[in-house]
Amino acid sequence: MPDEKKDGKKQEQPGRGVYEWAQALVCSVLAAVVLFAFGLRVVGVSGGSMRETLQNGDLLLVVNRVLCGDFERGDVVIAAKTAFENGEPIVKRVIATGGQTVDVDFDDGVVYVDGQALEEPYIREETHLAEGLEFPFAVPEGCVFLMGDNRNGSRDSRAPELGAVDERCLIGRAVFLLMPGKTESLGIREWDRIGTL
């Protein structure tokens, strides 16, 4: 029972403020660990397959697959694919989801999903690089078709060794650019790129 002063007020115990501060710090650290272990993670971009949207060295905040819901066309995702790109996770854009059909006119550089030409303001240049997959390609249920925004400098679902990616291989959806890498063209960090994708 805490000591009471003669005027009836409780007297502070020495060290109590330090204990409460330490307790708050430990709880904050544990909350951050749980959040980053199960909800969020930071992933670095390696390579130029997503130029100009993303640059080599960019750091992305990624919402884990279990929390981000269904993947949709246009999402920037991180896929763990050990048999592709030296086993490193890859950062690509979802072009089509399960049940949709992808076709590419490599002469005109246009990508079609279910017969509709995609409007793709994010691509660096039109799609002229064929990597061996036969089109039209029906995306199996539970899978996504991924392509890099740097269409002629990206190895992606157009390559038969990757093809459609099972959604269970997706680590999550990139939602925020935390820190920019150096741009390929200027060799500097463009800090105004920080923000949502």
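Refer to the structure above for everything that follows.
Analysis parameters
- Residues numbered from 1 in each chain as written.
- Predicted model: local features only at pLDDT ≥ 70, side-chain atom pairs only at ≥ 80, totals over all residues.
- Heavy atoms only, no water.
- Helix = DSSP H or I, 4+ residues; strand = E, 2+ residues; numbered from the N terminus.
- Contact = heavy atoms within 4.5 Å.
- Buried < 20%, exposed > 50% of the residue type's maximum accessible area, 1.4 Å probe, protein only.
- Pairing = 2+ DSSP bridges.
- Phe/Tyr/Trp six-rings, centres within 6.5 Å; stacked < 30°, edge-to-face > 60°.
- Patch = residues over 30% accessible without salt bridge, like charges linked within 9 Å, V, L, I, M, F, W, Y side chains within 5 Å.
- Areas by Shrake-Rupley, 256 points an atom, 1.4 Å probe, with all protein chains shown as cover.
- Salt bridge = Lys/Arg side-chain N within 4 Å of Asp/Glu carboxyl O.
- Lys, Arg positive; Asp, Glu negative; His and termini not counted.
- Charge placed at Lys NZ, Arg CZ, Asp CG, Glu CD.
- Core = buried A, V, L, I, M, F, W, Y, C linked by side-chain atoms within 4.5 Å.

A. Spatial organisation of the side chain of Arg-193. In this structure, Arg-193 sits in the loop between strand S11 (170-179) and strand S12 (195-196). In contact with Arg-193, not counting residues within four places along its chain, are Thr-53, Leu-54, Gln-55, Asp-58, Leu-177, Pro-180 and Gly-181.

B. Focus on the pairing of strand S9 (residues 143-147). Here S9 lies mainly inside the structure; 5 of its 5 residues are buried. In S9, alternate side chains face the same way, and those of Cys-143, Phe-145 and Met-147 on one face and Val-144 and Leu-146 on the other are all buried. In terms of strand pairing, strand S4 (residues 90-97) meets S9 through 4 bridges, oriented antiparallel. Across the sheet, Val-94 pairs through a bridge with Leu-146, a residue of S9.

C. The arrangement of unusual backbone geometry in detail. Here the amide bond leading from Arg-51 into Glu-52 is cis, since omega sits at 0°, within 30 degrees of zero. Mapped onto the elements, Glu-52 comes out in the loop between strand S1 (40-44) and strand S2 (59-64). The peptide bond linking Phe-135 to Pro-136 adopts the cis configuration, its omega dihedral lying at 0°. Tracing the backbone shows Pro-136 in the loop between strand S7 (116-117) and strand S8 (137-138). Of note in this structure, Asp-114 is not a glycine but carries a positive phi near 50°. For Asp-114, the position within the fold is in the loop between strand S6 (110-113) and S7.

D. Region of interest: the packing of aromatic side chains. According to the stated counting rule, one finds 3 aromatic pairs in the structure shown. Note on Phe-135 and Phe-145: the rings are 6.0 Å apart at their centroids and 75° apart in plane angle, and the pair reads as edge-to-face. In this pair, Phe-135 is assigned in the loop between S7 and S8 and Phe-145 in strand S9, connecting sequence segments 10 residues apart. Each member of the pair, Phe-135 as well as Phe-145, is classed as buried. When the ring of Phe-137 is compared with that of Phe-145, the centres are 5.7 Å apart and the planes differ by 50°; the resulting orientation is tilted. Residue Phe-137 shares its accessibility class with Phe-145, and that shared class is buried. These aromatic residues form a ring-pair network of at least three members: Phe-106, Phe-135, Phe-137 and Phe-145.

E. Highlighting a negative patch on the surface. On the surface, Asp-107, Asp-108, Glu-125 and Glu-126 cluster together into a patch of negative charge. With respect to the helices and strands, the residue Asp-108 is situated in the loop between strand S5 (101-105) and S6.

F. Looking closely at the pattern of salt bridges. Taken as a whole, this structure holds 10 salt bridges when the rule is applied. Across the pair Asp-58 and Arg-193 runs a salt bridge, and its minimum N-O distance is 2.4 Å. Linking Asp-58 in the loop between S1 and S2 with Arg-193 in the loop between S11 and S12, this pair joins segments that are 135 residues apart in sequence. The residues Asp-58 and Arg-193 share a single accessibility class, namely buried. Close ionic contact of Arg-93 with Asp-149 constitutes a salt bridge, the shortest N to O distance being 2.8 Å. Taken together, the positions of Arg-93 in strand S4 and Asp-149 in the loop between S9 and strand S10 (165-166) put the pair 56 residues apart, joining distant regions of the chain. For the pair formed by Arg-93 and Asp-149, the shared burial category is buried. Linked through salt bridges whose partners overlap, the residues forming this network are Arg-51, Glu-52 and Arg-124.

G. Region of interest: the nonpolar core. Residues Ile-95, Val-102, Val-111, Phe-135, Phe-137, Val-139 and Phe-145 are the most contacted members of the largest nonpolar core, which totals 17 residues. At the level of secondary structure, the elements contributing two or more residues to this core comprise S4, S5, S6 and S9. In terms of residues, this core owes the most to one element, S9, which gives 3 residues. Apart from residues lying up to four places away in sequence, Val-102 is in contact with Ala-96, Val-111, Tyr-112, Phe-135, Pro-136, Phe-137, Val-139 and Phe-145. Residues Phe-71, Val-77, Leu-162 and Val-165 belong to the second largest nonpolar core, which totals 14 residues.

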